[in-house]
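Given next are the chains, with one letter for each unit.
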Amino acid sequence: IEPDDTGNRLRFQLELEFVQCLANPNYLNFLAQRGYFKDKAFVNYLKYLLYWKEPEYAKYLKYPQCLHMLELLQYEHFRKELVNAQCAKFIDEQQILHWQHYSRKRMRLQQALAEQQQQNNTSVK
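Only a predicted model underlies this, so the values are computations on that prediction, with no experimental measurement involved. Counting restarts for each chain: residues are numbered from 1 in the order of the written sequence. Per-residue local features are limited, in this predicted model, to residues with pLDDT of at least 70; the limit for side-chain atom pairs, both in listing and counting, is 80 or more; totals at the level of whole chains, interfaces and linings are taken over all residues. With hydrogens and water stripped out, all remaining heavy atoms of the structure feed into the side-chain values.

**A look at the overall build of the protein chain**
In DSSP terms, a helix is any run of H or I states spanning at least four residues, a strand is any run of E spanning at least two, and both are numbered starting from the N terminus. Scanning the protein chain for helices and strands turns up seven helices and zero strands. Tracing the protein chain from N to C terminus, the helices and strands come up as α-α-α-α-α-α-α. In the protein chain, which comprises 125 residues, the share counted as buried stands at 26%. Pairs at least 24 apart in sequence give 66% of the contacts found in the protein chain among residues at least 6 apart. On the protein chain, roughly 9300 Å² of surface is accessible, and the fraction owed to carbon and sulfur atoms is 54%. A 1.4 Å probe rolled over the protein chains alone gives each residue an accessible area, and that area as a share of the maximum for its type sets the label: buried under 20%, exposed over 50%, partly exposed in between. Any pair of residues with heavy atoms lying within 4.5 Å of one another is described as a contacting pair. Only the protein chains shown count as cover for residues, and all accessible areas are computed by the Shrake-Rupley method using a 1.4 Å probe.

**Observations regarding the side chain of Gln20**
Inspection of the secondary structure assignment puts Gln20 in helix α1 (residues 6–21). Here a polar contact is recorded for every N or O atom pair within 3.5 Å, except that within protein the pair must consist of a potential hydrogen donor and a potential acceptor, and residues adjacent in sequence are included only if both atoms are side-chain atoms. Among the polar contacts listed, one links the side chain of Gln20 to the backbone nitrogen of Tyr63, at a separation of 3.2 Å. Sequence-distant contacts of Gln20, defined by excluding residues within four places in its chain, comprise Tyr60, Leu61, Lys62, Tyr63 and Cys66.

**Points about the packing of aromatic side chains**
Paired rings are identified among Phe, Tyr and Trp, the last through its six-membered ring, by centres lying within 6.5 Å, and are further divided according to the angle between planes into stacked (under 30 degrees), edge-to-face (over 60) and tilted (the rest). Tallied over the entire structure, the rule returns 13 aromatic pairs. When the ring of Tyr51 is compared with that of Tyr57, the centres are 4.8 Å apart and the planes differ by 80°; the resulting orientation is edge-to-face.

**Overview of the pattern of salt bridges**
In the sections that follow, a salt bridge refers to a side-chain nitrogen of Lys or Arg positioned within 4 Å of a carboxyl oxygen of Asp or Glu. Applying the stated rule across the entire model yields three salt bridges. In this structure, Arg11 engages Glu15 in a salt bridge whose closest nitrogen and oxygen atoms are separated by 3.3 Å. With Arg11 and Glu15 both in helix α1, this residue pair falls four residues apart, about one helical turn. With a closest N to O distance of 2.5 Å, Lys53 and Glu71 form a salt bridge. In this pair, Lys53 is assigned in the loop between α3 (40–48) and α4 (55–58) and Glu71 in helix α5 (residues 65–72), connecting sequence segments 18 residues apart.

**A short note on the packing of α1 against α3**
Helix axes are fitted only over the stretch in contact, all axes being lines through C-alpha atoms; the angle between N-to-C directions runs from 0 to 180 degrees. At a closest axis distance of 12 Å, the pairing of α1 and α3 adopts a crossing angle of 100°. Classified by the angle their axes make, α1 and α3 are roughly perpendicular. Packed against α1, whose contacting residues are Arg11, Glu15 and Phe18, the element α3 presents Phe42, Tyr45, Leu46 and Tyr48 at the interface. The labels follow the angle: roughly parallel below 35 degrees, roughly antiparallel above 145, roughly perpendicular from 65 to 115, and oblique for the rest.

**Quick look at helix α2 (residues 25–33)**
Within α2, burial applies to Pro25, Leu28, Asn29, Leu31 and Ala32. Mapping the buried residues of α2 onto a view down its axis gives an arc of 160°, with all of them on the same face. For α2, the N-terminal cap is Asn24; the gap from its side-chain oxygen to the backbone nitrogen of Asn26 is 2.8 Å. Gly35 occupies a position one or two residues after α2 and carries a positive phi of about 80°. By definition, the arc is the one covered by directions from the helix axis to the C-beta atoms.

**Remarks on the environment of Ala23**
Inspection of the secondary structure assignment puts Ala23 in the loop between α1 and α2. For Ala23, a relative accessible area of 8% puts it in the buried group. Residues Ala23 and Ile91, 68 residues apart in the sequence, show an inter-C-alpha distance of 9.9 Å. Those residues in contact with Ala23 that lie beyond four places of it in its chain are Tyr63, Gln65, Cys66, Met69 and Gln95.

Rendered as structure tokens:
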């Protein structure tokens, strides 16, 4: 993006925000219930947005799970299932479980690293 190109900068920001919204299963349910996923132009737009998977764009994402949802949205069956609120609720619950597992695992790894560093410091003295 050229720094002086206001149009491209705005487009980048809007697409970044929209792609990240795809991480929210309730938003996907909202879009599905309003028929967006039946609109061929909208489905083509979702296909176009796959460029966000490229590292030079993905690095700007705060919610990387949006890329997984974007990938799943390429499939008609998944888009159709999102009309069901229970489907969105299930996805939401699975994301929460994943985050909880990841947080606990990361905390254990950080704790083990801290203990190892402490042992290394003790053995050096």
